[in-house]
Amino acid sequence: QVQLVESGGGLVQAGGSLRLSCAGSGRTFSNCFMGWFRQAPGKVREFVAAISRTGGNTVYADSVKGRFTISRDNAKNTVYLQMNSLKPEDTAVYYCAADSRPPWIVKITTTPDEYDFWGQGTQVTVSS
């Protein structure tokens with residue numbers, strides 16, 4: 001079991017920055033791929049970024065590539081999402097998620113259904 005709690009959301013002007021944090025509990029955190037997803041009102045949940053178990057590999061949605069950076073600190077059981085050059089279309093509830101598939105699975109997935117633990121979400125609002 002992994003419990004996840006996001007923080008760091010808020011209201012920011014376009015062009016600004018925010019850093020989201022996701023604190024995990026449970027001894028299996030470092031064995032999980034970690035991902036960030038977001039959901040805007042009336043839209044489906046979409047992939048934002050994901051990171052491998054050791055942090056050596058990352059994947060980004062095209063819409064955030066070059067602006068967002070995902071990282072993790074396994075000693076602190078925490079994953080981060082640094083968001084720069086924010087745009088109004090980045091407004092959404094942001095969720096972190098853990099993929100606890102077996103260790104022989106080495107490819108990062110962008111599919112929400114592959115993630116089995118989710119946080120409660122944190123609101124990010126970007127004003128124009």
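Each value, and the rule that gives it
- Residues numbered from 1 in each chain as written.
- Predicted model: local features only at pLDDT ≥ 70, side-chain atom pairs only at ≥ 80, totals over all residues.
- Heavy atoms only, no water.
- Helix = DSSP H or I, 4+ residues; strand = E, 2+ residues; numbered from the N terminus.
- Rg over C-alpha atoms; globule rule 2.2 N^0.38 Å.
- Buried < 20%, exposed > 50% of the residue type's maximum accessible area, 1.4 Å probe, protein only.
- Contact = heavy atoms within 4.5 Å.
- Disulfide = S-S within 2.5 Å.
- Phe/Tyr/Trp six-rings, centres within 6.5 Å; stacked < 30°, edge-to-face > 60°.
- Lys NZ or Arg CZ within 6 Å of the ring centre and 35° of its normal.
- Lys, Arg positive; Asp, Glu negative; His and termini not counted.
- Salt bridge = Lys/Arg side-chain N within 4 Å of Asp/Glu carboxyl O.
- Polar contact = N/O pair within 3.5 Å; in protein donor to acceptor, adjacent residues only side chain to side chain.

Draft legend 1. Representation of the overall build of the chain in the model. Summing up its helical and strand segments, the chain has zero helices and eleven strands in all. Reading the chain from its N terminus to its C terminus gives the helix and strand order β-β-β-β-β-β-β-β-β-β-β. For a compact globule of 128 residues, the expected C-alpha radius of gyration is about 14 Å, and the chain comes in at 14 Å, within 12% of that figure. Over its C-alpha atoms, taken along the principal directions, the chain stretches across nearly 45 × 25 × 25 Å. Among the 128 residues that make up the chain, the fraction classed as buried is 44%. Long-range contacts, defined here as pairs at least 24 residues apart, represent 60% of the contacts in the chain between residues at least 6 apart.

Draft legend 2. Spatial organisation of the environment of V79. Position of V79 among the secondary structure elements: in strand 8 (residues 78-83). Of the residues examined, V79 reaches a relative accessible area of 0% and is grouped as buried. Counting along the chain gives 32 residues from V79 to T111, while the straight-line C-alpha distance between them is 18 Å. The residues contacting V79, other than those within four sequence positions of it, are L20, S21, C22, F29, M34, W36, I51, I70, S71 and R72.

Draft legend 3. Just the state of the cysteines, in detail. Enumeration over the complete set of coordinates arrives at one disulfide. Paired by a disulfide, C22 and C96 hold their sulfur atoms 1.9 Å apart. Here the disulfide of C22 and C96 is right-handed, its torsion about the S-S bond being about 40°. Taken together, the residues span a long stretch of sequence, with C22 in strand 3 (residues 18-25) and C96 in strand 9 (residues 92-99) at a distance of 74 residues. Residue C22 is classed as buried on the basis of its relative accessible area, which comes to 0%. When its relative accessible area of 0% is taken as the criterion, C96 is described as buried. Residue C32 stays outside any disulfide, its sulfur separated by 11 Å from that of C22, the closest cysteine.

Draft legend 4. Broad picture of the packing of aromatic side chains. Taken as a whole, this structure holds five aromatic pairs when the rule is applied. Between F37 and F47, the aromatic rings sit 5.7 Å apart at their centres with planes inclined by 75°, giving edge-to-face as the arrangement. Within this pair, whereas F37 is found in strand 4 (residues 33-39), its partner F47 is found in strand 5 (residues 46-51), the two being separated by ten residues in sequence. The exposure class of F37 is buried, given its relative accessible area of 0%. Classification of F47 as buried rests on a relative accessible area of 12%. Here the aromatic cluster, defined as three or more aromatic residues joined through ring pairs, consists of F37, F47, Y95, Y115 and W118. In this arrangement the basic side chain of R45 is found over the ring face of Y95, its NZ or CZ atom lying 3.9 Å from the centre.

Draft legend 5. Examining the side chain of R72 more closely. As for its position among the elements, R72 is in strand 7 (residues 68-73). The side chain of R72 sits in the buried core without any salt bridge; D73 is the nearest counter-charge, 8.3 Å away. Separated by 2.8 Å, the side chain of R72 and the backbone oxygen of S52 make a polar contact. A polar atom in the side chain of R72 sits 2.8 Å from the side chain of N74. With residues near it in sequence (within four places) discarded, R72 still touches F29, S30, C32, F33, M34, I51, S52, R53, T54, G55, T78 and V79.

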